[in-house]
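# Inside the fold
The primary structure of each chain is shown beneath.
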Amino acid sequence: MSLRSESTHRSWPRVLLSSALILMWLVGAGLGGPLFGRVDEVSSNDATAYLPDSAPATEVQRSLGDFLGSDSIPAVVVFSSETKIDDAVKGELTTALDAATDAEGVKDGSSPVLLSEDGLAAQAFVPIDADADVGEVSAALSSDLKKSVPDGVAVHITGPAGFTADLLAGFSGIDGILLLVALLAVLVILVIVYRSLLLPVIVLCTSLFALCVALLVVWWAAKLDILLLSGQTQGILFILVIGAATDYSLLLVSRFREELHATSDRWAAVRGAWKGAFEPILASGGTVIAGLLCLLLSDLKSNSTLGPVAAIGIVFAMLAALTLLPALLGLFGRAAFWPRRPKLEPESATPGDPLQGRGPWQRLARGIRRHPRAIWIPTALVLAVAAVGGLQLDASGVPQSDLVLGSSEARDGQAVLGQHFPGGSGSPVYVLVDQSKLQDAADVLLADKGIDGVSVTASDSPSGSAPVTENGITALGRPGTPAPDPTVRDGRVLLQGTLTDAADSQAAELTVQRLRADLTGTDALVGGVTATAVDTNAASIHDRNLIIPVVLAVILIILMLLLRSVVAPLLLILTTVLSFGSAMGVAALAFGGLFHFPGADPAVPLYGFVFLVALGIDYNIFLMTRVREESRKHGTREGILRGLAVTGGVITSAGLVLAATFAALSVIPILFLVQIAFIVAFGVLLDTFVVRSLLVPALSHDLGRVIWWPSRLSRHDGEEEGRP
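Structure report, in brief. Owing to the predicted nature of the structure, the values given are computational and were not obtained by experimental measurement. (Residues numbered from 1 in each chain as written. Predicted model: local features only at pLDDT ≥ 70, side-chain atom pairs only at ≥ 80, totals over all residues. Heavy atoms only, no water.)

## Remarks on the environment of leucine 197
On the secondary structure map, leucine 197 appears in the loop between helix H6 (174-194) and helix H7 (198-223). A relative accessible area of 61% means that leucine 197 is categorised as exposed. Expressed as a C-alpha distance, the spacing of leucine 197 and tryptophan 376, which sit 179 residues apart in the sequence, is 39 Å. (Helix = DSSP H or I, 4+ residues; strand = E, 2+ residues; numbered from the N terminus. Buried < 20%, exposed > 50% of the residue type's maximum accessible area, 1.4 Å probe, protein only.)

See the structure below:
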């Protein structure tokens, strides 16, 4: 048997194994791919669904169905006119409303048309079925009304249903435009990096298959109520999997190219690449997963559920890079790099000094060798100054009306509503209180300047509620009619307070906080849209203060185990935190001065920290694992420079890919996602081009082998004593 036929004979088992792996991933992708358009079936954007069970707004929300009789989301229909609305026009509005509310998805119980005191506006409350597509029902209601109202009358749909419709419309592009933009951005970068036609497709398929299988698992976990899924979590999952899988693939492909220079056996090259990339990919993915799972400590379920969802995505990103990609590379071999196939250069198996090349990373390494302190000290100072700007970031929360960027019918309608009615119309404060303390609670609400009026749920009242004054429940109808009895459930009644200010305003939140303090003696629970926002912000701030230190501690421990050192992990953590602070400082300036954002959600710094620290550490892991490998052979200082020169290209490419994928989040017109996109994209670029390229290598080179303390490498690693 010839050598060629013998080699071919030995390769058949590998071909079969690779084909089986590819087939398994194809089946998984085939099952997960069709779910891209069906995520809304298992996701929820109801803010109260993500509050802690112990939050007052959560308990009130659970009880609303017992009092209001249906699971519905109120839509506030606002009519406005430049001339006064007379009885004739009001009658036409009532007729139009009656016809429009007969549509599917609208529940019975719409209120009559109510005129404002100035006569220039009218409003009505329409219950939308919570199980229906709130966006479609609201859009249809708006369209039908605009066609049938008299000329000169403008129509807006606002209130909880209107803002929910805005959010759903904003998230609607996740399955389409977000995925398309992210994949195109990655493809362009890969084509530029590899100057190849086939290899970018292979890497992109690896990332896409990882996403499909991750979505399959997450979708069924949400379907079985194991995990909560929202549009926000879905968008982050898509970006994280594509970015991470591509980064891991870049590292393995880089090792594969190195091996192809040294051997003609493509399977041997795959085996060598896999061995060289396995540890950094596993360490990198494990660090990200550990950081994400720290979110399980969160009180806010939107945070605690993101942890396992994103961790599942990272698991499949690693699996795809370590199984599917090697199988594809083994089958294609050098052809994957066409038209720039790696040449067989056996002498590269014992390479010379990589610092003698003319590339940018070789020149940078030589510069660090000559002037390490002149590089790392100014770099650290500039980053520290930028980090001070992070103190200016307003992350105390934003109004619901500002969550969606661009035009918003609900926001416009709320503005009109506030001009002619109490700002909180349609989004009342709900107070759940014992029946015996009804009047005490009502008196507290009536005495508060932030409350315009108070009513109690009463099933025998024509409107479903009855006004409450200092003298008790007001009778309705003709004089002498007895006051209706309040609806009682488990000994409790439900009061509704109409807010003077818009329900999502800071003034309304202050009103809720005052009411909770003043109602302490009544054991009443305060809920509603505004209370939900207050409880969400409080839980988010608690999570931020708890989780950030935990993430730092967990990642520090992982780095110590990986690098067998104490000093190097501390150095990496400190530089990454400095990078995060700098990114937040620049973001604060950009959000306030450039984009004129109204502020930020309290979760923005938390998400930015988790992603930047976990992902930023990735590049330091890629660098330092190679540095440790080179240090064993050439000494620490020489190993640092060699590691930088060898990994510079691949890590920079990985940083560009991750920054581009996170930047793609900005195509979704949701304020939170746009802010996360900016912080993470800018922070990753800062890590890639400044921290990992300048600060870490120069500082490590200046310190020398002490960075490996207390391992044996810190005592003797072959480098000459003294500084160069």
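This is not the end of the story, as more comes after the structure.
## Re the pattern of salt bridges
Counted under the stated rule, the structure contains twelve salt bridges. The salt bridge partner of arginine 255 is glutamate 629, with a shortest N-O separation of 3.3 Å. A residue pair is termed long-range when its members are at least 10 positions apart, and arginine 255 in helix H8 (residues 231-262) and glutamate 629 in helix H19 (residues 603-634) qualify at 374 residues. On the accessibility criterion, glutamate 629 (26% relative accessible area) is partly exposed. Among the ionic contacts, a cluster of salt bridges with common partners joins Glu258, Arg626 and Glu630. (Salt bridge = Lys/Arg side-chain N within 4 Å of Asp/Glu carboxyl O.)

## Side note on the packing of aromatic side chains
Under the defined criterion, the tally for this structure stands at 13 aromatic pairs. Aromatic side chains phenylalanine 256 and phenylalanine 337 sit 6.0 Å apart centroid to centroid with 25° between the ring planes, which places their arrangement in the stacked category. With phenylalanine 256 in helix H8 and phenylalanine 337 in the loop between helix H11 (306-332) and helix H12 (360-370), this pair connects stretches of sequence that are 81 residues apart. In this structure, phenylalanine 256 and phenylalanine 337 share a single accessibility class: buried. Seen from their ring centres, tyrosine 607 and phenylalanine 611 are 6.2 Å apart, and the 90° between their planes marks the pair as edge-to-face. Separated by four residues within a single helix, tyrosine 607 and phenylalanine 611 lie in helix H19, roughly one turn from each other. A relative accessible area of 2% places tyrosine 607 in the buried class. Directly above the ring of tryptophan 708 sits arginine 628, whose terminal nitrogen or CZ lies 5.4 Å from the centroid. (Phe/Tyr/Trp six-rings, centres within 6.5 Å; stacked < 30°, edge-to-face > 60°. Lys NZ or Arg CZ within 6 Å of the ring centre and 35° of its normal.)

## Some details on the side chain of glutamate 509
Note on placement: glutamate 509 falls in helix H16 (residues 506-518). For the buried glutamate 509, which has no salt bridge, the nearest side chain bearing the opposite charge is arginine 516, at an N-O separation of 9.7 Å. Sequence-distant contacts of glutamate 509, that is, excluding residues within four places in its chain, are made with Thr530, Ala533, Val534 and Asn537. (Lys, Arg positive; Asp, Glu negative; His and termini not counted. Contact = heavy atoms within 4.5 Å.)

## Quick notes on the sheet that holds strand S8 (residues 472-473)
Strand order across the open sheet formed by six strands is S8-S7-S6-S9-S5-S10, with antiparallel pairing between neighbours. In the strand order of this sheet, the two ends are held by S8 and strand S10 (525-527), each with one partner. As judged from the five bridges shared by strand S6 (residues 451-457) and strand S9 (residues 492-499), these two strands associate in the antiparallel manner. In the strand pairing of S9, valine 454 is matched with glycine 497. (Pairing = 2+ DSSP bridges.)

## Here we look at the sheet that holds strand S2 (residues 114-115)
Read across the sheet, four strands follow the order S2-S3-S1-S4 without closing on themselves; strand pairing throughout is antiparallel. The sheet is open, and its two edges are formed by S2 and strand S4 (153-158), each paired on a single side. For strand S1 (residues 72-81) and strand S3 (residues 121-129), the ladder comprises nine bridges, and the chain directions are antiparallel. Looking at S3, one finds that isoleucine 73 is bridged to isoleucine 128. Each of S1, S3 and S4 is contacted by helix H14 (residues 409-420), which is oriented at about 110° to S4, the strand it contacts most. (Axes fitted to C-alpha atoms, helices over the stretch in contact; angles between N-to-C directions.)

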